[in-house]
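Listed here are the chains, written in short residue letters.
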Amino acid sequence: MQERIHNFNAGPAALPLPVLEEIKDSFLNFSGSGMSITEVSHRSKWFDDVINDAIERTQRLLKLNDQYKVLFLQGGASMQFCMIPLNFLSDGRSADYINTGTWSTKAIKEAQIQNKSIKIVASSEDKNFCYIPENIPFTKDAAFVHLTSNNTIKGTQFESLPDTGNVPMIIDMSSDIMSRPLDMSNIGMIYAGAQKNIGPAGACMVIIRQDLLDLVPDHIPSMLSYNTFASKNSMYNTPPCFSIYTIQLVLKWLEDTIGGLEKMDAQNREKANLLYDYIDNSDFYNATAQIGSRSLMNVTFRLPSEDLEKTFVEKAINEGLGGLKGHRSVGGCRASIYNPTGINAINDLVSFMKGFEKQSG
Ligand SMILES: *Cc1c(COP(=O)(O)O)cnc(C)c1O
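Remember, predicted model here, so these are calculated numbers, not experimental data. (Residues numbered from 1 in each chain as written. Predicted model: local features only at pLDDT ≥ 70, side-chain atom pairs only at ≥ 80, totals over all residues. Heavy atoms only, no water.)

For the rest of this paragraph, the subject is the domain arrangement of the protein chain. Much of the literature gives interface size as the accessible area that the parts lose upon coming together. When cut into domains, the protein chain gives domain 1 (18-258) and domain 2 (260-360). Across the boundary between the two partners, domain 1 contributes 28 residues, which contact 27 residues of domain 2. Here domain 1 packs against domain 2, burying approximately 2,300 Å² in sum over the two surfaces, 53% of which is carbon and sulfur. At the junction of domain 1 and domain 2, the tally comes to zero salt bridges. The interface formed by domain 1 and domain 2 includes 13 residue pairs in polar contact (both at pLDDT 80 or more). No other element matches the four residues that helix α7 (residues 241-258) contributes to the side of domain 1 that touches domain 2. (Domains from an automatic or database assignment. Contact = heavy atoms within 4.5 Å. Buried area = accessible area lost by both parts, 1.4 Å probe. Salt bridge = Lys/Arg side-chain N within 4 Å of Asp/Glu carboxyl O. Polar contact = N/O pair within 3.5 Å; in protein donor to acceptor, adjacent residues only side chain to side chain. Helix = DSSP H or I, 4+ residues; strand = E, 2+ residues; numbered from the N terminus.)

Sheet architecture is open: seven strands sit in the order β2-β10-β9-β8-β5-β3-β4, paired in mixed fashion. Of all the strands in the sheet, the pair left with one neighbour each is β2 (68-73) and β4 (117-123). If you compare each strand with its neighbour and ignore which way they point, the axes differ by 20 degrees on average. Examined bridge by bridge, strand β3 (residues 94-99) and β4 share six bridges and lie parallel to one another. Following the sheet pairing, Ser 94 is matched in β4 by Ser 117. Along the sheet, helix α4 (residues 102-113) makes contact with β3, β4, β5 (145-148) and β8 (169-172), crossing β3 at roughly 155 degrees. (Pairing = 2+ DSSP bridges. Axes fitted to C-alpha atoms, helices over the stretch in contact; angles between N-to-C directions.)

In structure tokens, the structure reads:
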């Protein structure tokens, strides 16, 4: 393949081209250091500037007040599934979990493995996770409510966050962080593996409200304690420097080129609407997520047969449209259309889909 393709991969996923170009241009000599960003010390002024700029841009983009700390951890979002119950459910506290698919299920499993007390207060498993539950009976004195805001595999997303009363939410935002403005008023913590919407694999962004840090027990391993990272500006040990550097550039692109999360949201809605409208008006393609629960980030759909789906994915890649195969656990097709994916990519995808429908329908 000579040219860059339209990349619809779910993660690792497309990055903004200007970010990749900036990395390329400064790769051998970062910021006058005479070294690559992959060679400078994480204790240097060069890297301090990178991580602090990434934190400040996160604070501005999400309009965080000074109660929140922005951290970068390793182990992906999956490590958070383990750390959350370990850090916040000592002393017999209990938490509510909402199960909306594969990743929520994994988060629940990690709490159960540790014998922590949790309650699954809502689940959409009865309909193969094709919708987001409503009218959820939350527990008044729960330590937190855990939910997955966007379900990367099933293609559903909370349109708005539920009202959990006084109980703080802990939200897995791996696949929709920074895709739209966020009301932080009842959020205790959000976390996101970088490789979906904000960078390359390696770092997991964690935004945590200070009062949750008071729940963290002393006797847990240092590398699994939020306090370790919160007290050392994420540099207790060597952080994933290159991933954090790329995140910084992506956030700069979001602020300076896109113009913030309201603008990003408008673009994302336009993109998703274009694709869903076409799918809904066709008898050949079928969206799998229920209206009202559909993800603006991962559009999941089926064709009339698995054979046609296989041919569809193969033909698409020949046309420079990559990553359209659904997750191996669910089959079907999926177009992941994160922030960097432009409207031109959606237009090209829709015209390919029209052509394929004509040939095969
Ligand atoms: C991809 C994904 C994860 C797992 O992320 P890792 O960084 O690979 O551990 C967790 N939650 C959601 C919503 C995801 O999309």
